[in-house]
Amino acid sequence: MRVLSGIQPSGKLHIGNYFGAMRQNLKLQAENEGFYFIADYHALTSNPDPTELRQNIIDVALDYLALGLDAERTVFWRQSDVPEITELTWILSCVTPMGLLQRCTSYKDKVAQGLTPNHGLFAYPVLQAADILAFHSELVPVGADQKQHIEVTRDIAGYFNNTYGETLTLPEDHILDSVAVVPGVDGRKMSKSYDNTIAMFDGEKKLKKTIMRIVTDSTPVEEPKDPEKCNVFALLKLVAGEDELSEWENKYKAGGMGYGDVKKRLAELVIEYFRPYREKRLELENNLDYVNGVLEKGAQRAKAVAQKTLNDVRKAVGL
Ligand code: ADP
Ligand code: TRP
């Protein structure tokens, strides 16, 4: 199956991104034809600083390659290196009813948070539809928060095909729900926009400091605690083996355990878990020519597919 996935270069990637999306995407590449890209056009909707954006793009590339993206097998590129996507976005915009976009909850959420929306943010789902449809993607693995965007993509493809004849492939979503939402250090969903993340490629000291900051309740040390209500335990589930996890579960329930102890262990486990990836990332940081080469080769492969779709689409609409 052709699997497509995009990730925004909007800040340091964190363990919520990894356990919530990237790890599953990396698994999927083994048995599928992977098309993975860095969604830099999407990142522009939040008006990033240009220097920061440039750095974030390279950081995502380094992170993904360090975490195991197989650049031989999987097509990996920078969205803006394939400008055909923006042409397709325009053509799709012209079959997209306003109401469809007005119903999108991620847009409404951002406006509710006080963000002054630009047209790009409103049109964001159409750009995402173009990403997916340009490559005739069959499967799009996304977190639950993105499910609506895949439905919108299917709707847009349907409108297009009904109007101009069968041209575009309707994708299936593949909801990555094997891991519940990963909590951040303040207990809310871990997110770059909440400044509550544990970034796996931070230095060991910083990681420890961040993990020690995780918010817990004020149950005294001697009293029993409910692991299922604890942010530290939720994170421990991601990195601890089964036996160790059930030991901690017992300690929580028995009382006599301080949150400081479990946090310390969590920090060790997170550091251990990402150690080989951190080493790989350092290697890649010293070999940026290789990384840029991967993205350029990926862009050529992606372009070839997108151009073919664009030819069909232009012909279908009469251009
Ligand atoms: P952020 O909220 O940090 O900006 P994104 O919205 O860019 O993260 O998310 C990129 C991917 O990572 C999405 O597929 C999303 O579902 C997943 N993801 C992000 N944060 C979490 C989380 N806390 N738990 C699980 N998955 C997450
Ligand atoms: N909107 C997605 C996110 O924030 C990123 C993205 C852009 C994407 N284009 C895509 C994901 C196409 C899947 C398919 O996570």
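Nothing here was measured: the structure is a model prediction, and the numbers come from that model.

Before going further, it helps to spend a moment on the overall build of the protein chain. Counting secondary structure elements, the protein chain contains 13 helices and 5 strands. Compactness check: the protein chain gives a C-alpha radius of gyration of 21 Å against a globular reference of 20 Å for 319 residues, within 12% of the reference. Each principal axis of the C-alpha atoms in the protein chain carries an extent, and together these give about 75 × 45 × 35 Å. The burial tally for the protein chain puts 50% of its 319 residues in the buried class. Pairs at least 24 residues apart make up 78% of the contacts formed inside the protein chain by residues separated by at least 6 positions. Side chains of the protein chain carry 38 positive and 45 negative charges; the gap between the two charge centres is 2 Å.

Around ligand 2, the surrounding shell holds 13 residues, and the nearest of these are Gln-8, Tyr-124, Gln-128, Asp-131 and Gln-146. Between a nitrogen atom of ligand 2 and a side-chain N or O atom of Gln-128, the distance comes to 3.0 Å. At a separation of 2.8 Å, a nitrogen atom of ligand 2 approaches a polar side-chain atom of Asp-131. Protein contact buries 87% of the 370 Å² of open area that ligand 2 shows by itself. For the shell around ligand 2, the secondary-structure elements that each account for two or more residues are β1 (2-7), α7 (119-134) and β4 (139-142). A per-element tally of the shell around ligand 2 places α7 first, with 4 residues.

Before going further, it helps to examine the site of ligand 1. Around ligand 1, the surrounding shell holds 13 residues, and the nearest of these are His-14, Asp-145, Val-182, Ser-191 and Lys-192. In the environment of ligand 1, an oxygen atom lies 2.7 Å from a nitrogen or oxygen atom belonging to the side chain of His-14. Between ligand 1 and the protein, one listed contact pairs a nitrogen atom with a backbone N or O atom of Met-190 at 3.0 Å. When the free accessible area of ligand 1 is taken as 540 Å², the share hidden by the protein chains comes to 84%.

Turning our eyes to something else, we now look at empty space enclosed by the protein. With the rule as written, the count across this model stands at 1 cavity of 30 Å³ or more. Of all the secondary structure elements, the ones that give two or more residues to the lining of the largest cavity are α6 (105-112) and α7. Taken together, the residues of the lining of the largest cavity break down into 3 nonpolar, 2 polar and 1 charged.

Let us look at helix α12 (residues 259-285). A rise of 1.5 Å per residue sets the reference length of α12, with its 27 residues, at 39 Å; its end C-alpha atoms lie 36 Å apart and thus fit the reference within 8%. Within the sequence span of α12, burial applies to Tyr-259, Val-262, Lys-263, Leu-266, Ala-267, Leu-269, Val-270, Ile-271, Phe-274, Arg-278, Arg-281 and Leu-284. Tucked inside the fold, the buried residues of α12 contact α1 (15-28), α3 (50-67), α9 (204-212), α10 (231-239), α11 (242-254) and α13 (288-317).

Splitting the protein chain by domain gives domain 1 (2-182 + 288-317) and domain 2 (192-281). In this structure, domain 1 and domain 2 have C-alpha centres spaced 32 Å apart. Across the boundary between the two partners, domain 1 contributes 20 residues, which contact 17 residues of domain 2. Carbon and sulfur atoms make up 66% of the surface buried where domain 1 meets domain 2, a total of about 1,700 Å² over both sides. Where domain 1 touches domain 2, the interface holds 3 salt bridges. When the shortest N-O distance is used, the salt bridge between Asp-59 and Arg-281 registers 3.0 Å. Taken together, the connections running from domain 1 to domain 2 amount to 5 residue pairs in polar contact (both at pLDDT 80 or more). At 6 residues, the largest contribution of residues to the side of domain 1 that touches domain 2 is made by α1. Looking at the side of domain 1 that touches domain 2 residue by residue, the classes come out as 10 nonpolar, 6 polar and 4 charged.

Cut-offs applied
- Residues numbered from 1 in each chain as written.
- Chains lettered and ligands numbered in written order.
- Predicted model: local features only at pLDDT ≥ 70, side-chain atom pairs only at ≥ 80, totals over all residues.
- Heavy atoms only, no water.
- Helix = DSSP H or I, 4+ residues; strand = E, 2+ residues; numbered from the N terminus.
- Rg over C-alpha atoms; globule rule 2.2 N^0.38 Å.
- Buried < 20%, exposed > 50% of the residue type's maximum accessible area, 1.4 Å probe, protein only.
- Contact = heavy atoms within 4.5 Å.
- Lys, Arg positive; Asp, Glu negative; His and termini not counted.
- Charge placed at Lys NZ, Arg CZ, Asp CG, Glu CD.
- Near = heavy atom within 4 Å.
- Polar contact = N/O pair within 3.5 Å; in protein donor to acceptor, adjacent residues only side chain to side chain.
- Areas by Shrake-Rupley, 256 points an atom, 1.4 Å probe, with all protein chains shown as cover.
- 1 Å grid on protein atoms, 1.4 Å probe; cavity = no way out; pocket = protein on both sides within 12 Å on 5 of 7 lines; lining within 4 Å.
- Points joined across faces, edges and corners; volume = space filled by probe spheres on them.
- Nonpolar A, V, L, I, M, F, W, Y, C, P; charged D, E, K, R; others polar.
- Expected span 1.5 Å × (residues − 1).
- Domains from an automatic or database assignment.
- Buried area = accessible area lost by both parts, 1.4 Å probe.
- Salt bridge = Lys/Arg side-chain N within 4 Å of Asp/Glu carboxyl O.

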